[in-house]
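Given next are the chains, with one letter for each unit.
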Amino acid sequence: MRYLTARKRAEGKGAAHTGTRHHWSMTLSAVGLAFMVPAWLFVFGRTLGQGREAVLETFSHPFPAILTALVLVIGMRHFAMGATTMIEDYLRGTSKKLAIIFAVSLAWMVGAVGIFALLKIAL
Amino acid sequence: MAEMKRVERPLSPHLQIYRWQVPMLTSILTRITGHALVAGVLLAVWWLLAAATSDAYFATANAVATSWFGDLVFTGSLWAVWYHYLAGLRHLYYDAGKGMDIPTAEKLGWACLIGSVVLTVITILLVQ
């Protein structure tokens with residue numbers, strides 16, 4: 001009988017030694033987003049097209065505000081890690097590094113701007 | 001010295017070499033939709049920031065977000081998010097070691113393609 005799980009046996013393997021963690025992180029964020037995204041699409045779709053008062057009213061409630069924050073932060077993290085994988089597939093050397101820095105920075109920037117807007121609306 | 005050791009490794013995946021088929025098309029679409037989604041997120045976050053800022057700023061951002069351009073970005077993003085969603089579920093199914101034989105993989109690919117369009121239409125009808 002093997003006491004180690006499949007994931008534990010895979011950890012640390014491969015050229016970068018971090019592939020297993022990367023894969024597990026993407027799995028976690030994917031499952032989280034799978035639960036949140038349909039609800040968020042409904043909230044956002046219903047709010048888009050309304051006047052500013054109605055938009056502020058919607059996002060000052062806890063459920064839409066917290067849901068939007070979670071979708072943004074986890075979604076942007078999922079994006080940054082996926083973009084890193086894609087860039088590693090297609091680019092090499094300095095251009096690879098610059099592209100990864102750009103993608104990760106963009107993800108954090110979008111998350112920060114969204115959280116700032118939500119805080120300003122909700123508080 | 002480091003330069004001398006560099007080996008010219010092939011970059012994956014080799015899109016221009018293989019004949020197109022459903023599992024390949026649906027795989028690359030997962031990557032394309034995932035990255036294209038950043039356009040919809042940028043527009044949505046800008047619109048939210050404008051709502052948080054002032055009436056004048058919101059008027060500008062809302063005009064863009066509800067214009068034909070905004071409709072195009074958000075409708076495209078809606079299909080992209082549903083496609084990426086179904087393809088992601090397919091990945092979780094693959095990760096469990098299931099559905100990897102070719103007939104099943106092709107059926108799942110068609111399910112992603114058709115299902116994403118159906119879910120997009122349902123969402124538009126629900127939020128209108």
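Predicted model only: the values in this text are computed from it and were never measured.

J.: Before we go on, may I ask you to explain the overall build of chain B in this structure?
T.: Helix and strand counts for chain B come out as five helices and zero strands. N-terminal to C-terminal, the α/β element order of chain B is α-α-α-α-α. Its C-alpha radius of gyration of 20 Å places chain B more than 25% over the 14 Å reference for a compact globule of 128 residues. Taken along the three principal axes of its C-alpha coordinates, chain B extends 55 × 50 × 25 Å. For chain B, with 128 residues in total, the buried portion stands at 27%. Long-range pairs, those at least 24 residues apart, make up 70% of the contacts in chain B between residues at least 6 apart in sequence.

J.: What am I meant to see in the interface of chain A and chain B here?
T.: Accessible area lost upon the coming together of the parts serves often as the stated size of an interface. Facing 26 residues of chain A, the contacting portion of chain B comprises 28 residues. Of all the secondary structure elements, the ones that give two or more residues to the side of chain A that touches chain B are helix H2 (19–47), helix H3 (52–59), helix H4 (62–90) and helix H5 (93–122) of chain A. Counting residues per element, the side of chain A that touches chain B draws most heavily on H2(A), at nine residues. Split into classes, the residues belonging to the side of chain A that touches chain B amount to 17 nonpolar, five polar and four charged.

J.: Even after reading the chapter, I still don't get the environment of B:Tyr94, so can you show me in this structure?
T.: Residues and elements named next belong to chain B. Tracing the backbone through its elements, the reader meets tyrosine 94 in helix H4 (residues 68–95). Taking the C-alpha atoms as reference points, tyrosine 94 and threonine 30, 64 residues apart in sequence, are found 14 Å from one another. Ignoring sequence-local partners within four residues, the contact set of tyrosine 94 consists of Gly99 and Met100.

J.: For this particular structure, what's the right way to read the confidence of the model for chain B?
T.: When pLDDT drops low, the exact placement of atoms in the prediction is not to be read closely. On average, residues of chain B carry a pLDDT of 91, and 92% of them reach 70 or more. The ipTM assigned to the predicted complex is 0.91, against a pTM of 0.90.

J.: Teacher, can you tell me more about the packing of H4(A) against helix H2 (residues 22–53) of chain B here?
T.: Any two packed helices are characterised by the angle at which their axes cross and by the distance between the axes. Where H4(A) contacts H2(B), the axes come no closer than 10 Å and their chain directions differ by 125°. In terms of orientation, H4(A) and H2(B) fall into the oblique class. Classified by chirality, the crossing of H2(B) by H4(A) is left-handed. Listed contacts from H2(B) to A:Phe79, A:Gly82, A:Ala83 and A:Met86 of H4(A) are B:Arg31, B:Gly34, B:His35 and B:Val38. Among the residues forming the contact of H4(A) with H2(B), the class breakdown is four nonpolar, three polar and one charged.

J.: Honestly, the packing of H2(B) against helix H3 (residues 55–65) of chain B in this entry has me stumped. Any pointers?
T.: Residue and element names in this part refer to chain B. Where H2 meets H3, the closest approach of the two axes is 7 Å, and the angle between their N-to-C directions is 155°. On the basis of the axis angle, H2 is roughly antiparallel to H3. Crossing handedness for the pair H2 and H3: left-handed. Contacts from Leu43, Trp46, Trp47, Ala50, Ala51 and Thr53 of H2 reach H3 at Tyr57, Phe58, Thr60, Ala61, Asn62 and Ala65. A class-by-class count of the residues in the contact of H2 with H3 yields nine nonpolar, three polar and no charged.

J.: In this structure, what is going on with the nonpolar core? I would like to understand it.
T.: The nonpolar side chains of a soluble globular protein tend to be buried with one another. B:Trp47, B:Leu48, B:Ala51 and B:Val81 are the most contacted members of the largest nonpolar core, which has 39 residues in total. Elements supplying a minimum of two residues to this core: H2, H3, H4 and H5 of chain A together with H2, H3, H4 and helix H5 (102–127) of chain B. If we skip the residues at most four places from it in the chain, B:Trp47 touches B:Ala61, B:Asn62 and B:Ala65.

J.: Got a minute to help me understand H5(B) in this structure?
T.: Every α-helical turn comprises 3.6 residues, leaving residues that sit three or four positions apart pointing alike. Residues and elements named next belong to chain B. Compared with an ideal rise of 1.5 Å per residue, which puts 26 residues at 38 Å, H5 spans 37 Å between its outermost C-alpha atoms and is within 8% of the ideal. Along H5, the residues that are buried comprise Leu108, Gly109, Cys112 and Ser116. Looking at the buried side of H5, the elements it contacts are H2 and H4.

Scoring rules and cut-offs
Residues numbered from 1 in each chain as written. Chains lettered and ligands numbered in written order. Predicted model: local features only at pLDDT ≥ 70, side-chain atom pairs only at ≥ 80, totals over all residues. Helix = DSSP H or I, 4+ residues; strand = E, 2+ residues; numbered from the N terminus. Rg over C-alpha atoms; globule rule 2.2 N^0.38 Å. Buried ≥ 20, exposed ≤ 12 C-beta atoms within 10 Å, placed from the backbone. Contact = placed C-beta atoms within 7 Å. Nonpolar A, V, L, I, M, F, W, Y, C, P; charged D, E, K, R; others polar. pLDDT = per-residue confidence, 0-100. Axes fitted to C-alpha atoms, helices over the stretch in contact; angles between N-to-C directions. Parallel < 35°, antiparallel > 145°, perpendicular 65-115°, else oblique. Left-handed = near helix turned anticlockwise from the far one by under 90°. Core = buried A, V, L, I, M, F, W, Y, C linked by C-beta atoms within 7 Å. Expected span 1.5 Å × (residues − 1).

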